[in-house]
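# Structural characterization, general
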Amino acid sequence: MDHFLYRDGMLHAEDVPVAEIAAAVGTPFYVYSTATLTRHFRLFDEGLGDMPHLVCYAMKANSNQAILRTLAKLGAGMDVVSGGEYRRARAAGVPGERIVFSGVGKTREEMRLALEGGIRQFNVESEPEMAALSDVAQSMGMVAPVTVRVNPDVDAKTHEKIATGKKENKFGIPISRAKEVYAHAAALPGVRVVGIDVHIGSQLTDLAPFREAYGLVADLVRVLRAEGHQIDRLDLGGGLGIPYERSNAAPPLPTEYCDVIRETVGDLGCEIEIEPGRLIAGNAGLLVSRVIFVKSGEGRDFLILDAAMNDLIRPAMYGAWHDIVPVVEPAAGAETHPFDVVGPVCESGDTFAKARALPPVSAGDLVAFRSAGAYGAVMASEYNTRPLIPEVLVHGDQFAVIRARPTFDEIINRDTIPEWL
Ligand code: LLP
């Protein structure tokens, strides 16, 4: 459920008409709902209920500081994957002890930054990383808290570009080698093992792979404890999928996902961390765009929008589906017509949807892409010198621009022309 509904024939973001925001900030833009973000965070927080836990929002999904602050105020921690994300989380007011640091390629500078600023744990993905972290921490007179990310070789049954838990993926260490790697970690002076980490992929629409992976992690907890390691925390990653296509069967609910956690690892006395990103932010955001032209082609009609692949790359990159709806509610029973929905960028990949059945739309109309709050704005670029589009946060009947559209001068003045030119 989200808070983008038609009211009096107009699409609203909570209590604000989307058209009103368009008039204020121009198109295209992203708009997010505080109520939806809050609701989604709480589904996990309450779903984990009585188990000691921390929901560490995977801020790669949407890292605007207003979003981070909204979630942090509810008690969220953050999962960061770069020094930049770490700085952004801290700037938004998230304390270091609520930040976990994931990623296969942390640099020594990034390790230092997090150790200096405070960190809950590093999720270490390889032995060279473990050795480097131990070195860095030792040189600072510190001991870094670590988990090892294990790769359970489980098929997440998701898009190949976002599956991470198979042995051919670059992530984690093979679970079969975990004993060895934990023994190695225990011998290093600059790290202290606190738990185990796993993340098998994103946009999972079936709980079975989670159940399988978490079951393997539970077995590993017992093995490692028997070896004398202190395993107090389990970071179970993110990955629960969202309903992108409303006409399809809905994926499992966060409460059902939390039940899988309880059933597989709930009796181990570990503190549970999870790293959901998409489920918290995805359906909390719309991309709103204006139709520039309706163009008739041979055997097809094109809807040419002012948003493009540089603003929302998911359809071009993963063949992803986003529901597209007009901002003015279509009349009940309005006939639909198939459109290829495209942007102005000069490549055919700049296609949001092919032969999409849409109610009547004309040049000048506003349309909204649903489920665009995660992996939308954060993956945007300025390709074709198209400015990054504004982001707006709605809270009840209020809205605020939380990232302004840059001016063309700002964009152009970022380049430097060498003096020999
Ligand atoms: N934790 C780790 C270690 C991750 O790598 C990810 C996502 C998450 C948590 C959050 O997963 P989520 O709950 O959002 O599924 N750009 C792609 C998605 C990439 C996901 C990368 N890792 C897309 O637009 O579908």
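Calculation rules
Residues numbered from 1 in each chain as written. Predicted model: local features only at pLDDT ≥ 70, side-chain atom pairs only at ≥ 80, totals over all residues. Heavy atoms only, no water. Helix = DSSP H or I, 4+ residues; strand = E, 2+ residues; numbered from the N terminus. Rg over C-alpha atoms; globule rule 2.2 N^0.38 Å. Contact = heavy atoms within 4.5 Å. Areas by Shrake-Rupley, 256 points an atom, 1.4 Å probe, with all protein chains shown as cover. Lys, Arg positive; Asp, Glu negative; His and termini not counted. Charge placed at Lys NZ, Arg CZ, Asp CG, Glu CD. Buried < 20%, exposed > 50% of the residue type's maximum accessible area, 1.4 Å probe, protein only. Near = heavy atom within 4 Å. Polar contact = N/O pair within 3.5 Å; in protein donor to acceptor, adjacent residues only side chain to side chain. Nonpolar A, V, L, I, M, F, W, Y, C, P; charged D, E, K, R; others polar. Domains from an automatic or database assignment. Pairing = 2+ DSSP bridges. Phe/Tyr/Trp six-rings, centres within 6.5 Å; stacked < 30°, edge-to-face > 60°. Lys NZ or Arg CZ within 6 Å of the ring centre and 35° of its normal. Axes fitted to C-alpha atoms, helices over the stretch in contact; angles between N-to-C directions. Parallel < 35°, antiparallel > 145°, perpendicular 65-115°, else oblique. Left-handed = near helix turned anticlockwise from the far one by under 90°. Buried area = accessible area lost by both parts, 1.4 Å probe. Salt bridge = Lys/Arg side-chain N within 4 Å of Asp/Glu carboxyl O. Core = buried A, V, L, I, M, F, W, Y, C linked by side-chain atoms within 4.5 Å.

Before going further, it helps to spend a moment on the overall build of the protein. If you tally the helices and strands in the protein, you get 12 helices and 21 strands. Here the C-alpha atoms of the protein give a radius of gyration of 23 Å, agreeing with the 22 Å that 2.2 N^0.38 yields for 421 residues. In terms of overall dimensions, the protein has C-alpha extents of about 70 × 60 × 40 Å along its principal axes. A separation threshold of at least 6 residues defines the contact pool for the protein, and within that pool the share at least 24 residues apart is 70%. In the form shown here, the protein has an accessible surface area of approximately 17,900 Å², with 52% of it arising from carbon and sulfur atoms. Treating the 41 positive side-chain charges of the protein as one cloud and the 56 negative ones as another, the clouds have centres 2 Å apart.

A few words now on the environment of C56. Position of C56 relative to the elements: it lies in strand β5 (residues 53-58). Of the residues examined, C56 reaches a relative accessible area of 0% and is grouped as buried. Once residues lying within four places of it in the same chain are set aside, the contact partners of C56 are G77, M78, D79, R98, V100, I274, E275 and P276.

Turning next to the site of the ligand. Around the ligand sit 18 residues, and of these S202, E275, R278, R314 and Y375 come closest. The backbone of G239 places a nitrogen or oxygen atom 2.8 Å from an oxygen atom of the ligand. Protein burial of the ligand: of its 590 Å² of free accessible surface, 91% is covered by the chains. Considered class by class, the residues forming the shell around the ligand number 6 nonpolar, 6 polar and 6 charged. Counting contributing residues per domain, the shell around the ligand is built from domain 1 (4-31 + 282-412) and domain 2 (103-274), each supplying no fewer than three.

This paragraph deals with the sheet that holds strand β1 (residues 4-7). Read across the sheet, 3 strands follow the order β1-β2-β3 without closing on themselves; strand pairing throughout is antiparallel. A strand with exactly one partner marks an edge of an open sheet, and here the two such strands are β1 and β3 (16-17). With 2 bridges joining them, strand β2 (residues 10-13) and β3 adopt antiparallel strand pairing. The residue of β3 that forms the bridge with A13 is V16.

The next point concerns the packing of aromatic side chains. Counting across every chain of the model gives 7 aromatic pairs. A ring pair is formed by Y30 and Y32, whose centres lie 6.2 Å apart and whose planes are at 15°; its orientation type is stacked. The exposure class of Y30 is buried, given its relative accessible area of 0%. Plain terms: the ring middles of F44 and Y257 are 6.1 Å apart, the flat faces sit at 90° to each other, and that makes the pair edge-to-face. Of the two residues, F44 is situated in helix α2 (residues 34-48) and Y257 in helix α9 (residues 254-265); the sequence distance between them amounts to 213 residues. Y257 gets classed as buried once you look at its relative accessible area, which sits at 2%. Three or more aromatic residues joined by ring pairs form one cluster here, namely F44, F210, Y214 and Y257. The residue whose ring lies beneath R356 is W321, and the NZ or CZ to ring-centre distance is 3.5 Å.

Our focus in this paragraph is the packing of helix α8 (residues 208-226) against α9. At their nearest, the axes of α8 and α9 sit 9 Å apart, and the two run at 30° to each other. It follows that α8 is roughly parallel to α9 by the angle criterion. Classified by chirality, the crossing of α9 by α8 is right-handed. Touching F210, R211, Y214, G215 and A218 of α8 are Y257, V260, I261, E263, T264 and V265, all from α9. Among the residues making up the contact of α8 with α9, the classes are represented as 7 nonpolar, 2 polar and 2 charged.

The description of two helices packed together rests on the angle between their axes and the distance between the axes. With their axes 10 Å apart at the nearest point, helix α5 (residues 108-117) and helix α6 (residues 127-139) run at an angle of 50° to one another. By the criterion of interaxial angle, the relationship of α5 to α6 is oblique. The handedness of the crossing between α5 and α6 comes out as right-handed. Within the contact between the two elements, α5 uses R108, M111, R112 and L115 and α6 uses E129, A132, L133, D135, V136 and A137.

Parsing the protein into structural domains produces domain 1 (4-31 + 282-412) and domain 2 (103-274). The gap between the C-alpha centroids of domain 1 and domain 2 is 36 Å. Listed by partner, the interface residues are 11 residues for domain 1 and 9 residues for domain 2. Of all residues in domain 1, N283, Y318 and W321 give up the largest surface area on contact with domain 2, accounting jointly for 46% of the area buried on that side. On inspection of domain 1 and its partner domain 2, the count reaches 1 salt bridge. Of the charged contacts, one joins R246 and D323 as a salt bridge, the two residues approaching to 3.7 Å between their closest N and O atoms.

This next bit is on the nonpolar core. Soluble globular proteins: nonpolar side chains tend toward being buried together. Of all hydrophobic cores here, the largest spans 104 residues; its most connected members are F122 and L234. The element contributing the most residues to this core is α8, with 8 residues. Inspection of this core shows a minimum of three residues originating in each of domain 1 (4-31 + 282-412) and domain 2 (103-274). Setting aside its immediate chain neighbours within four residues, F122 contacts F101, K106, M111, A114, L115, L133, A144, P145, V146 and T147.

Of note, the amide linkage connecting T27 to P28 takes the cis form, showing an omega dihedral of -10°. Even without being a glycine, D8 presents a positive backbone phi close to 50°. With respect to the helices and strands, the residue D8 is situated in the loop between β1 and β2. Of note, the phi angle at S371 is positive, near 55°, even though the residue is not glycine. Relative to the helices and strands, S371 resides in the loop between β19 (366-369) and β20 (391-395). S371 gets classed as buried once you look at its relative accessible area, which sits at 2%.

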